[in-house]
Amino acid sequence: SLIELRGLKYILFPRIMKPIYGHEFAIDAIGLLPESVRKNYCFVFLGKDGPEREYIYRIEKKMDEVSGRFLFLNLLGQDELHRAMKLAEAIVMTPYSDGASVTAAEALFCKVPLVLPPLEYDPDIFGRGPIYFENWSPKELARAILFALERCDEDRLEAGFVDAVAHFDRLAEMSKLREIYSALTK
């Protein structure tokens, strides 16, 4: 629940616990952040109650091996997730593969610094707002997280918000999908 987040300065890793979302990679990067960041921020991961028990055990073990303040919460409902996103200092996502990420678009709507991987996201939605790490090294992800915390400005957050509002309409996107499925079934 969100009570555990009250009064915390935290970085949110909102993707659920599955290997495709690269949580081990994220934890490796956290271990490379300056000690001041690891002391002053809490690193919040979601999905402790998820079905991937073996993977979750690996993540918990990795958290224990890295010096930092971790909070591993159960899955949040949509409203709780959105509140948690709005109160985060940064939102970090490290999927190895991603489509038109609803979670990433929601982060842009929240006007919180968003860190994304070097994947081919739709530039109309994700071209100006997110901070991208440039390669799959923990050192590079740590650099992007630091940038999000220390140098992300209002102009970037506003640009991401404007792009998300202009191009990410769930109803419109679902309608496009319905048309595709309809054409496929004919």
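In this text the structure is predicted, and so the values were computed from the model without any measurement.

Asks: Hey, could you go over the overall build of the chain for me, with residue numbers and the actual values?
Replies: If you tally the helices and strands in the chain, you get 9 helices and 6 strands. Taking 16 Å as the expected radius of gyration for a compact globule of 186 residues, we find that the chain reaches 17 Å, a close match to that expectation. Burial status across the chain gives 45% buried among its 186 residues. Carbon and sulfur atoms form 51% of the exposed surface of the chain, whose accessible area is close to 10000 Å². When the 24 basic and 29 acidic side-chain charges of the chain are each reduced to a single mean position, those positions are 3 Å apart.

Asks: Which residues make up the sheet that holds strand β5 (residues 114-116), and what values do they have?
Replies: Taken in spatial order, the 6 strands make up an open sheet running β3-β2-β1-β4-β5-β6, and their pairing is parallel. Where the open sheet ends on each side, the last strands, each with one partner, are β3 (69-73) and β6 (131-132). Relative to β5, strand β4 (residues 90-92) runs parallel, the two sharing 2 bridges. Directly across from Ile 91, in β5, lies its bridge partner Leu 114.

Asks: Can you tell me about the pairing of strand β1 (residues 10-13), naming the residues and giving the values?
Replies: Here β1 shows a buried face lined by Tyr 10 and Leu 12 and a second buried face lined by Ile 11 and Phe 13. Relative to strand β2 (residues 42-46), β1 runs parallel, the two sharing 4 bridges. The residue of β2 that forms the bridge with Leu 12 is Val 44. As judged from the 2 bridges shared by β1 and β4, these two strands associate in the parallel manner. What sits directly across from Leu 12, in β4, is Ile 91.

Asks: Mind laying out the packing of helix α1 (residues 23-30) against helix α7 (residues 138-150), listing which residues take part and the relevant values?
Replies: Running from N to C, α1 and α7 cross one another at 70 degrees; their axes reach a closest spacing of 8 Å. Between α1 and α7, the crossing angle belongs to the class labelled roughly perpendicular. The residues of α7 that touch α1, namely those facing Phe 25, Ala 26, Asp 28 and Ala 29, are Pro 138, Leu 141 and Ala 142. Taken together, the residues of the contact of α1 with α7 break down into 6 nonpolar, no polar and 1 charged.

Asks: Can you lay out the nonpolar core for me, pointing to particular residues and giving the numbers?
Replies: Counting residues in hydrophobic clusters, the biggest one holds 33 residues, and the most contacted among them are Ile 11, Phe 13, Phe 43, Phe 45, Val 115 and Leu 141. Within the residue set of this core, elements represented by two or more residues are β1, α1, β2, α3 (53-65), β4 and α7. Of all the elements, α7 adds the most residues to this core, at 7 residues. Other than its neighbours up to four places away in sequence, Phe 13 contacts Ala 26, Ile 30, Phe 43, Val 44, Phe 45, Leu 46 and Val 92. Residues Leu 46, Leu 108, Leu 116 and Phe 168 belong to the second largest nonpolar core, which totals 29 residues.

Asks: Tell me about the pattern of salt bridges, and please be specific about residues and values.
Replies: All told, the structure shown has 8 salt bridges when counted by the stated rule. Of the charged contacts, one joins Arg 128 and Asp 163 as a salt bridge, the two residues approaching to 2.9 Å between their closest N and O atoms. One end of the pair, Arg 128, is in the loop between α6 (123-126) and β6; the other, Asp 163, is in helix α8 (residues 154-167), with 35 residues separating them in the sequence. Residue classification places Arg 128 among the partly exposed residues on the basis of a relative accessible area of 46%. Residues Glu 140 and Arg 143 are paired through a salt bridge, measuring 2.8 Å at the closest nitrogen-oxygen approach. One end of the pair is Glu 140 and the other is Arg 143, both in helix α7 and 3 residues apart, which spans about a single turn.

Criteria and cut-off values
Along each chain, residue indices are assigned from 1 in the same order as the chain's sequence is written. Reporting of local features is limited, given that this is a predicted model, to residues whose pLDDT is at least 70; pairs of side-chain atoms are given and counted only at 80 or more, and all residues count toward the totals for whole chains, interfaces and linings. Hydrogens and water molecules were not included; the side-chain quantities draw on all heavy atoms of the structure. Only DSSP runs of H or I reaching four residues or more are called helices, and only runs of E reaching two or more are called strands; each is numbered from the N terminus. The size measure is the radius of gyration over C-alpha atoms, and the globule rule it meets is 2.2 Å times the number of residues to the 0.38 power. Burial here depends on accessible area, computed with a 1.4 Å probe over protein chains only, as a share of the maximum for the residue type. Under 20% is buried, over 50% is exposed, and the range in between is partly exposed. Accessible surface is estimated by sampling points in the Shrake-Rupley manner with a 1.4 Å probe; for residues, cover comes only from the protein chains shown. When charges are counted, neither His nor the chain ends are considered; positive counts come from Lys and Arg and negative counts from Asp and Glu. Lysine's charge is taken at NZ, arginine's at CZ, aspartate's at CG and glutamate's at CD. In this description, strands pair whenever DSSP reports at least two bridges between them. Axes, fitted as lines to C-alpha atoms, cover a helix only where it is in contact. Angles between the N-to-C directions of the axes lie from 0 to 180 degrees. An angle below 35 degrees is treated as roughly parallel, one above 145 as roughly antiparallel, one from 65 to 115 as roughly perpendicular, and anything else as oblique. Note on contacts: a residue pair is in contact if any heavy atoms of the two residues lie within 4.5 Å. The nonpolar class holds Ala, Val, Leu, Ile, Met, Phe, Trp, Tyr, Cys and Pro. Asp, Glu, Lys and Arg form the charged class, and all remaining residues, Gly among them, are polar. Only buried residues count toward a nonpolar core, which is a set of Ala, Val, Leu, Ile, Met, Phe, Trp, Tyr and Cys residues joined through side-chain atoms within 4.5 Å. We define a salt bridge as a contact between a side-chain nitrogen of Lys or Arg and a carboxyl oxygen of Asp or Glu at a distance within 4 Å.

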